[in-house]
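Next come the chains, spelled out residue by residue.
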Amino acid sequence: MGMNWREKDTSDPSLAISHSDLGGASGYLRSVYWAIVGMSTVGYGDIIPTNELETTASTFIILFGGLVLPAVVGGLAAYMGNLNKTAQSQKRKVAKAMSYMQKHRMDKVLVDKVIRYYDYIWSRQGGVEEQAIMDELPGPLRQRVAMFVNGKDIEAIPFFTPCDEAVKEHILSMLVPKVFLPNDVIICNGDIGKEMYLIENGRVVVCSSDLNITYCVLTKGDYFGEGCLLSARSVRLGNVHALTYCDCFVLSRDDFISVMSSFVAHRRIALTKSVADTVSKKAAVVLKIETNFKKCPKALRTMGDSRICFHTTNESMSRARFHPDSTFRLIWSIVIIMTSVYNAWAVPFRIAFEASFPFQIIDWPLIPASLSTYILTVSEFSYVYHGELVADKEHVMRHYIHGRFLLDMITACPYDLLCYYFLENDSQGLFALALLRIPKLLRIGRAFETFSSISRSLEENHVRVAPIHLVGLLLGVCFVAHWAACGFFAFARWKHDQSLCYGLDEGESVEEWGNEYAQCMWINTWIEKQIINGKVPFDGGDVIQHYIRAFHWALPTLVVVVIGDVVPITSSETLYAFIWMVVGVTINATIIGSIANIVANLETDSAEYMKRVDAIKHFMHLHHVELKLQDRVDQFTKYLWSTHGGVTNEGAFIGELPSTLQMTILHHTQLSHIKNCPFFDICSIEIIKRLAMCLQPLVFSTEDVLIQYGDMGQEMFFLEKGTVEVVSGDGKTVFATLNRGSFFGETGLFFKTKRSTTIRAITFCEVFRLDKWDLDNELRQCDFDLSCMLNIFTDIKNSNTRRNEALALNLSLSKKSGTKLNKIVDFKDIVTTDTSQKKVCELFMPNSDFRAVWDILGLLLTVYFAVSIPYRIAFITDEAKEDSYPWLSVDFIIDIFFLADVYFRYKMFPIIQNGSLIADGDSIQRHYRGSWMFCDMLSCIPLEIMVLFYGKEYIFVFRLIHLFRIFRLASYFKKAEHYLNLWNIRISAASNLLVTTFFYYILINHWCACGWFILHRYVERDVELTWATSDCPGGQTAGTSGCLSVWNETLGQHNVCDDENITRCYIRSFYFVITTISTVGYGDISPVTELETLYEDVVVLIGACIFAGIIGAFTAYLSHSDTSGHNAFELKMQKLQEYMKYRNLPTTLQNEILLHHQNKWQKTQILDGRAVMSILPVPLQMDLSFAVLESVIMSVPILSRRSRIVQKRLAHALSLQVCSIDAIVYTVGDIGFDVYFIGSGLVKAHLPKDLSLLDAEGKAAADRVRTKADAIGTVYRPGNHFGESCLVGTSGVRQETIVAKTITELYLISKDDIDCICSYMSAADKKQLYNDLIKRNGSTWHSFEEDTYESGPIMRSPNRRSLVSSSSPTRVKSKTMRIPKPSSGESKGVDILWKKAHNAYIPPKKEKVRLRSFSAQASKEAMEKMAEQNYHHRPSVASISEEGDADINANDSSTPRTKQTGEYINQLLSAIQQGRFQVGEDDQDSEGGDEDEEPSTPELQFSW
């Protein structure tokens, strides 16, 4: 066997290795060093296998490393990512709260209070939600924990002392934690007491109502407010104010009464008497204190002023001036960071390199800065402690002295000044000076805290901190590399006694590999090999060259991207490199974890939101939903993300705040809506506040219907943002357009009547909803008399009703030509939503084919510029430029295209903003000026004209300005994805991220390759040895023929590329860059000069970021597949199979369960549809559900006959169940409350022979079930339903067994959902729906009994989801009779009557009109005259008041019928009396509603 690696390692002349070094451990160290180099992909290449056996072993070890390294790096990355997960979650919570408050323009004081409260909670609990933890515990454990926490406090209360342990534990389980802020009024004099308080932490003061007399100060363990336990009408006798943050436990009177119910009578009396005695004693003490202060002036003089001053601590006269969030503190924090950064860089550099740079120029000005920091911190810088701002100078000083004072004194003392007095300015003096500055490094920890405070300040000012954190991370990596580089050089510098080398020849004479001085200084060090390889001059180089080479070793080693041109050559250097490689794995994991999380959005709420949006898009694509509905969903999700960060309820955090903060925030958001509502004027402020807290925020999309004509109202709405229109039930009349501050739907709160108008969203709308249940509950608790409010509401309702009637009447009168009102109304100038669109060519619409082609062409041409412009500058040789100039004509044509693009986007291209089409020229221009106009204009500047002054050889350089266009690449990619979706080409968000990341990866490689060659071509043209002249694959001498570039001694320059093979040069440049960025690092191409070395270090950092970004993209892709894709479904199936195996379910049952889930997945491909769809407003969810299930709804005759809004609600409530052949849906005696509709397949009903299986209700209904089977049979087909017996019974016991005869799709709806849908319907409509479900199946009636369903009031509980109406015209329900269609010869009016009799839907003719500008008096006169002229046709008079309102004086506006029409109606009535009409399948059409009910007079359910 030949030489092995150990022999080669010790015999290599470029190394100074002896395996006997370090006490014989050097050989082991070199082995471990090689192993970690190979396994960690560092790959220096200084130790390599020398025979087949070593090569085989190396291969297996590298393979093993390829498996181990990702696990180690992934584990470390996950650990680093989860290291501060709780803190990051807290920061995100605070950021959301701040964003919400700043969006509503709340004052700075309130924002500070909320932030301090979160700081207090964090300091007390560390982000742990105690109540959530307690709620998860079972009752006994919860009581034991509560007993441990508050047991002593309960035992200290005298009236609870006689209670046994069980009662005490019961009382403790009833305690609810509450937090009060400083200065909060916990109890107010004169209020009705309902709660008793136990102080866990903090201080409160009990005082008189005028705050002049202090009764006592209570602290931890004390209690107050116990008087409420005696009586429901207990009146508070004093005020209780919080002096600090107070953690209290609250015991309400209701909970106390429930505990008392467990006592026997005499024990209850004794406990009540004990409480009364305690209250009496306190009252006596209070009375004595008041008497002393009022009647005894001597006591007042002795005690001093007893008035309460809540700011004695925080707002005294001697206060620190600078708030933690002040601008001065921010600037000073930046100064501290800069000082720390300077010391962190300079101290190691000065110790290692003994640089002669006069650092004192910087050091001396920093001395007064450090002392100033000490002075300001000790007296002028306030701080926040446990959420409280501490500004008193005495407290500030005490806090600082007991905190950082000692450390700051050590770091602030100018020890280095001693060197200037006791040491000379030589190398020893410089070294000692550097050592004395080591204490300055202790301030680095404070720099991290300061950086956190700066980040928080930037977040408050809406600055994205993620890029700043990334830059900070990379700077931190560079600093660690700097320290490693300084240590690496120190090993070489301190290896020999430098004094032995002083005086040696430092000239140009070269002995073996350097001059005499260099060989003495750097022999057997890593610098020796650098000199031999030509990386450092033969004289050893200077400090800058040494630092660059050392840094070039350190940085790639830490980020695991190594070329291998700087390697350790001694055992000590090997040990040092080994240590830093271990550190490098950790740093690499940190970079990967941080950047991957940023790319994949793993640490933000956006990741979950994007997954939901992507799932919805995939669902719509799978079911081929119409493009208009897809676009509505897409626009809403974009609006929700851009406006609310993907959260439908941004104010959810308000419920976590103390009540005082809640009310203060609600005062800025919701309280004004209740206050401005006129029928709440008579309510007390307490009721108004309680109602404001009941308001529920909702977000609606464009075209959503908030209130549907004909629904039963149960809520009212307050419009916070957006615009809605009030439309009549027939859709012909738009009564009004409402904006922010309006309210509507108030009738539903007071009367159980149908909605008389439809409220439809024109733009995206944000509203607050007040439910009737909440209103009734709050008023009942406050013992409020509703009659006064009803009187006010009735007056408003009557006034608005007259207004609406007048508007409808006036519009009907205006249709008659020749009248003055007809002249007032301009029907030729119709205002519709499409008016603005007519001004713009259809070709330019956002989703038109032209726009799609234009945008995609813009994307391709931008990519062309991004690739071609750098390539031409770098690789087009001077000789080839003349041939390339004609090709510039293509570029100039592209320039013209982009100029046209600027013009079109500024003038012609409409945009979609907040879901609305913006086609107005001014709006388009305003939007473009605020977005991309500057960038686009800059990229279109024709700098090429400068060749007239500088020569055409610079034309490629001048074209660099067109690269500004690349900033639009991201928006182009989004548009391309949008158009692909429109063309039914689905690309998931994770796949799109992966493709985009790879595109940027290749593009950055291309740019770096061009930059790498530009260094060689332009910057180093006169340098003999560059990377290109040294790149000789054939082993030739550098700069000779066969190398990438050849040196010309005559010209003193190298050529651009040898043999003019520019393709070879580009490939080698790209090869070097991609091996560096991808962390491969072969090392066959390496930097030679210092500039090339620095450039490679920059590429190394870029490579680390890009590599981490690719990992992040793959993580997002795999995470999407694992959490919401097919892999997630397979995982769910695997868990399900394990469960069924654990429970030992029958095989047939297992197959049925698996078949159900598999078919459901194929239908929806969403694991949790409800959770995914929850980000959409309910009307949009209903539209989407109906679009998917319309065929199913229409196949069921009972459902197809309902109104469109009811159909949508039913579709939204239906859920799918798939049954296999012979699968049992349910059996006799099972309990269920679902009704099943058959979508496809067949099922068979088996009636029980033994009625004992049924309950009493089932036995009573047995005959009806048998009658049903006789009428329609026992085999049910698509369109049939079953399980309806649960609607009439209360037990839910099934009365038959249902078995699937084929693979069957069943759509079931629960009884609760039916009740919820019926809560919006009138009593007659509910009764009709229930009777259809119970007495009818498919198209066949099977029961003609009396109605078994009696309608009663169905109230929606507050936790039941609201089915807000969607946008569709209400159609009326047909009568159960067949009327013969009139012949074609009969009049048109008779034909219309026939359609009305059959309830055929007649589309309303919508007319939106615009009133011309007339004065009120002129309008009044015109209307009066017109009314007089038409009096013989219409027995009503419409008059317009001075304010422009129309008052109706009569109520009949019908016109006389024709004789022919009257005769036809008489025939119909005669036929009905003779019973010549049959009940059958055609008796009802698909239109719901009630023909007998005339549309009620439209009431105005909104406020002007």
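Computed from a predicted model, the values in this text were never measured in an experiment.

Draft legend 1. Geometry of the overall build of the protein. Within the protein, the regular secondary structure consists of 58 helices and 36 strands. Classification of the 1504 residues of the protein by burial places 47% in the buried group. Of all intrachain contacts in the protein linking residues separated by at least 6 positions in sequence, the fraction that spans at least 24 positions is 76%.

Draft legend 2. A look at the side chain of Gln670. Structurally, the position occupied by Gln670 is in the loop between α26 (659-669) and α27 (671-675). A polar contact is formed between the side chain of Gln670 and the backbone oxygen of Ala692, at a distance of 2.4 Å.

Draft legend 3. Molecular detail of the packing of helix α12 (residues 327-353) against helix α13 (residues 360-379). It is the contact of α12 with α13, at a shortest axis distance of 11 Å, that shows an interaxial angle of 135°. As summarised for this structure, α12 and α13 are arranged oblique, according to the angle between their axes. Of the two elements, α12 crosses α13, and the hand of that crossing is left-handed. Contact residues: α12 offers Phe328, Trp332, Ile336, Thr339, Tyr342 and Arg350, while α13 offers Ile362, Asp363, Leu366, Ala369, Ser372, Thr373 and Leu376. In terms of residue class, the contact of α12 with α13 is built from eight nonpolar, three polar and two charged.

Draft legend 4. Region of the structure containing the sheet that holds strand β8 (residues 246-252). Overall, antiparallel pairing links the four strands, which are arranged β1-β8-β3-β6 in an open sheet. Each having just a single partner strand, β1 (176-180) and β6 (223-224) make up the two edges of the open sheet.

Draft legend 5. Here's a closer look at the packing of aromatic side chains. Overall, the coordinates contain 67 aromatic pairs when judged by the stated rule. Taking the centre distance of 5.1 Å and the plane angle of 15° together, the rings of Tyr197 and Phe224 count as stacked. Here Tyr197, found in strand β3 (residues 195-201), pairs with Phe224, found in strand β6; they are 27 residues apart in sequence, far enough to count as distant. When sorted by exposure, Tyr197 lands in the same class as Phe224, which is buried. Each member of the aromatic cluster is reached from another via a ring pair, and the members are Phe844, Phe850, Trp854, Tyr864, Phe865, Phe897, Phe898, Tyr903, Phe904 and Phe909. Over the ring of Phe381 we find Arg329, and its NZ or CZ is 4.2 Å from the ring centre. Against the face of Phe909 rests Arg851, its NZ or CZ located 4.2 Å from the ring centre.

Draft legend 6. Here's a closer look at the sheet that holds strand β15 (residues 734-738). With antiparallel pairing, four strands are arranged side by side in an open sheet as β12-β17-β14-β15. A strand with exactly one partner marks an edge of an open sheet, and here the two such strands are β12 (705-707) and β15. Strand-to-strand twist across the sheet, computed as the mean angle between neighbouring axes with direction ignored, equals 25°. Bridge count for strand β14 (residues 724-728) against strand β17 (residues 757-761) is five bridges, and the pairing is antiparallel. Within β17, the residue paired with Val727 across the bridge is Thr758.

Criteria and cut-off values
Residues numbered from 1 in each chain as written. Predicted model: local features only at pLDDT ≥ 70, side-chain atom pairs only at ≥ 80, totals over all residues. Heavy atoms only, no water. Helix = DSSP H or I, 4+ residues; strand = E, 2+ residues; numbered from the N terminus. Buried < 20%, exposed > 50% of the residue type's maximum accessible area, 1.4 Å probe, protein only. Contact = heavy atoms within 4.5 Å. Polar contact = N/O pair within 3.5 Å; in protein donor to acceptor, adjacent residues only side chain to side chain. Axes fitted to C-alpha atoms, helices over the stretch in contact; angles between N-to-C directions. Parallel < 35°, antiparallel > 145°, perpendicular 65-115°, else oblique. Left-handed = near helix turned anticlockwise from the far one by under 90°. Nonpolar A, V, L, I, M, F, W, Y, C, P; charged D, E, K, R; others polar. Pairing = 2+ DSSP bridges. Phe/Tyr/Trp six-rings, centres within 6.5 Å; stacked < 30°, edge-to-face > 60°. Lys NZ or Arg CZ within 6 Å of the ring centre and 35° of its normal.

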